[in-house]
Amino acid sequence: MSNHYDVAVIGAGAAGMMCAAAAAARGKRVLLLDHASKLAEKIRISGGGRCNFTNVNAGPQNFVSDNPHFCRSALSRYTAQDFLALVRKHRIAYHEKHRGQLFCDDSAEQIIRMLKDECDAAGVAWRMPCKVNGVERSGELFRIDTDGEPVLARNVVVATGGLSIPKIGATDLGYRIARQFDVKIVETRPGLVPLTFDGPSWQPFVPLAGIALEVEVETGSRKGKGARHGHFREDLLFTHRGLSGPAILQISSYWQPGTPIVLNLLPEMDVAEELIASKTSVKKQLGNILSQWLPARLAEGLLLANGFAPDARLPDMADAKLRKLGDAINRWAIVPTGSEGYRKAEVTIGGVDTRELSQQTMMANKVPGLYFIGETVDVTGWLGGYNFQWAWASGVAAGGSI
Ligand code: FDA
């Protein structure tokens, strides 16, 4: 009997621990398995070590999914305020940083300790480190093959996360289990990730690494079946290989390879109108005018990239040329070559197709007893604490229903 459980949760990360604690608190015999030697590394490195553990504004509008309404039920039944109550119960000091993002004052370790304590108090059993090789049906039960004794469980919860940051233990086990049980997967790709650019048209921007400014960025379309449109106003950062910063991480989750992103580098101003209106009164060089509004090196890079001499004088420029320059600043459309990939991505877009799961319980419709939660599922949050809120909410949805 010692290897026989009501619930086996594979993956002791954010969603897995939350789910295990919720199921054990309801009297279930629960085992948590994880192959890592250190508990919950992703929580440890999150939010720059302070864990942006939720966002008080979290709602379905902050998530990317092929099935955008799926997350509504779990998110409304376990809210940011519910998680906050747990944080307060454990006397963890926190603060709000930016647009509803809540961080620990001290360390992400406190969130890991809180979840571990919740699991221990509810009587969750642990196997860690323990490599999981696969899951099979065995009559009424599931048999989990590990590098130790096999485990038998009436219910299996797959909480193995996404593919990002393989060096701290991300694997594709969750997707493999899904495929094995004929549960569909929405194609996966890196999300919340810096975008890369190369080729001659990017050369003028290479020396700009380190420059940051607030921009508007958008991509995609609002029209058509399955259309995805992302629009954010956040900080942009030029890097040696391309673009990063919150604006780019956010838009990367909506970006489709081969399509452009459109940047507005001066969202408060119609640059063409401003330049044309000041043609008669301002005699300065273009480079000097633009550097009143933009970092000087960026102003020069933009002029060169668009075929303007920085020392050209404003009164000498035709209106049509100034409109072209205005477009290059207010509507700069560029096609990224690619992204920095899973090595640098904070999350994985796509995953287990939510049309295959119950939105109440996270159980696979055609495999009674098999559940998928957290990042393994095709629900991906924006930057800002939303991904953890999904991990907590989907974990509680499954753990509270088994
Ligand atoms: P998670 O990845 O947390 O856990 C999966 C677990 O499964 C791991 O413990 C892993 O070892 C285990 N596992 C995997 N394969 C296995 C196998 N084959 N056998 C056994 N065990 C296996 N989000 C947010 O809301 N706020 C933030 O501040 C941040 N910051 C952040 C920074 C960085 C650098 C990254 C990479 C990510 C973030 N995130 C974030 C995203 C957030 O960390 C992520 O969405 C959640 O951790 C997902 O929780 P899960 O429990 O689904 O997976």
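Just above sits the structure.
Since we're looking at a predicted model, the values are computed, not measured.

Draft legend 1. Examining the overall build of the chain more closely. The number of helices and strands found in the chain is 12 helices and 21 strands. In terms of overall dimensions, the chain has C-alpha extents of about 85 × 45 × 35 Å along its principal axes. Within the span of the chain, comprising 402 residues, buried residues form 45% of the whole. The contacts in the chain between residues at least 6 apart in sequence include a share of 73% that link residues at least 24 apart.

Draft legend 2. Representation of the sheet that holds strand E18 (residues 338-339). In space, the 7 strands of this open sheet follow the order E17-E16-E13-E14-E15-E12-E18, with antiparallel pairing throughout. Either end of the sheet is taken by a strand with one partner, and the two such strands are strand E17 (332-334) and E18.

Draft legend 3. Highlighting the site of the ligand. Around the ligand, the structure places 36 residues, and the nearest of them are Gly11, Gly13, Ser46, Gly161 and Gly374. Sorting the residues of the shell around the ligand by element identifies helix H1 (14-25), helix H2 (41-45) and helix H12 (386-399) as the ones contributing at least two each. When residues of the shell around the ligand are assigned to their parent elements, the largest contribution, 4 residues, is made by H12.

Draft legend 4. Quick peek at the packing of helix H9 (residues 286-293) against helix H10 (residues 296-305). Two elements in contact, H9 and H10, have axes whose closest approach is 8 Å; the angle formed by their N-to-C orientations is 130 degrees. When the interaxial angle is binned, H9 and H10 end up oblique. The handedness of the crossing between H9 and H10 is right-handed. Residues Leu286, Gly287, Leu290 and Ser291 of H9 pack against Ala296, Ala299, Glu300 and Leu303 of H10. A class-by-class count of the residues in the contact of H9 with H10 yields 5 nonpolar, 2 polar and 1 charged.

Draft legend 5. Representation of helix H11 (residues 319-330) within the structure. In a regular helix each residue adds 1.5 Å, so 12 residues correspond to 16 Å; H11 covers 16 Å between its end C-alpha atoms and thus fits that length. Within the span of H11, buried status applies to Leu322, Leu325, Ala328 and Ile329. All buried residues of H11 lie within an arc of 115 degrees about the axis, which places them on one face of the element. With respect to the buried face of H11, the exposed residues turned more than 90 degrees away are Asp319 and Ala320. Here the buried face of H11 lies against helix H8 (271-277), H10 and E17.

Draft legend 6. Local environment of the nonpolar core. Ranked by internal contacts, the top residues of the largest apolar core, which has 123 residues, are Ala8, Met18, Cys19, Ala20, Val156 and Val157. Of all the elements, H1 adds the most residues to this core, at 10 residues. Of the residues that make up this core, three or more belong to each of domain 1 (4-190 + 346-400) and domain 2 (195-339). Beyond its immediate sequence surroundings of up to four residues, Val157 is in contact with Val7, Val9, Ile10, Cys19, Tyr371, Ile373 and Ala398.

Draft legend 7. Geometry of the sheet that holds strand E5 (residues 94-96). Ordered by their spatial adjacency, 3 strands build an open sheet running E3-E6-E5, and the pairing between neighbours is antiparallel. Of all the strands in the sheet, the pair left with one neighbour each is strand E3 (52-55) and E5. Here the average twist between neighbouring strands, direction ignored, is 25 degrees. Examined bridge by bridge, E3 and strand E6 (residues 101-104) share 3 bridges and lie antiparallel to one another. Bridging across to E6, Asn55 finds its partner in Gln101.

Calculation criteria
- Residues numbered from 1 in each chain as written.
- Predicted model: local features only at pLDDT ≥ 70, side-chain atom pairs only at ≥ 80, totals over all residues.
- Helix = DSSP H or I, 4+ residues; strand = E, 2+ residues; numbered from the N terminus.
- Buried ≥ 20, exposed ≤ 12 C-beta atoms within 10 Å, placed from the backbone.
- Contact = placed C-beta atoms within 7 Å.
- Pairing = 2+ DSSP bridges.
- Near = placed C-beta within 6 Å.
- Axes fitted to C-alpha atoms, helices over the stretch in contact; angles between N-to-C directions.
- Parallel < 35°, antiparallel > 145°, perpendicular 65-115°, else oblique.
- Left-handed = near helix turned anticlockwise from the far one by under 90°.
- Nonpolar A, V, L, I, M, F, W, Y, C, P; charged D, E, K, R; others polar.
- Expected span 1.5 Å × (residues − 1).
- Arc of directions from axis to C-beta.
- Core = buried A, V, L, I, M, F, W, Y, C linked by C-beta atoms within 7 Å.
- Domains from an automatic or database assignment.

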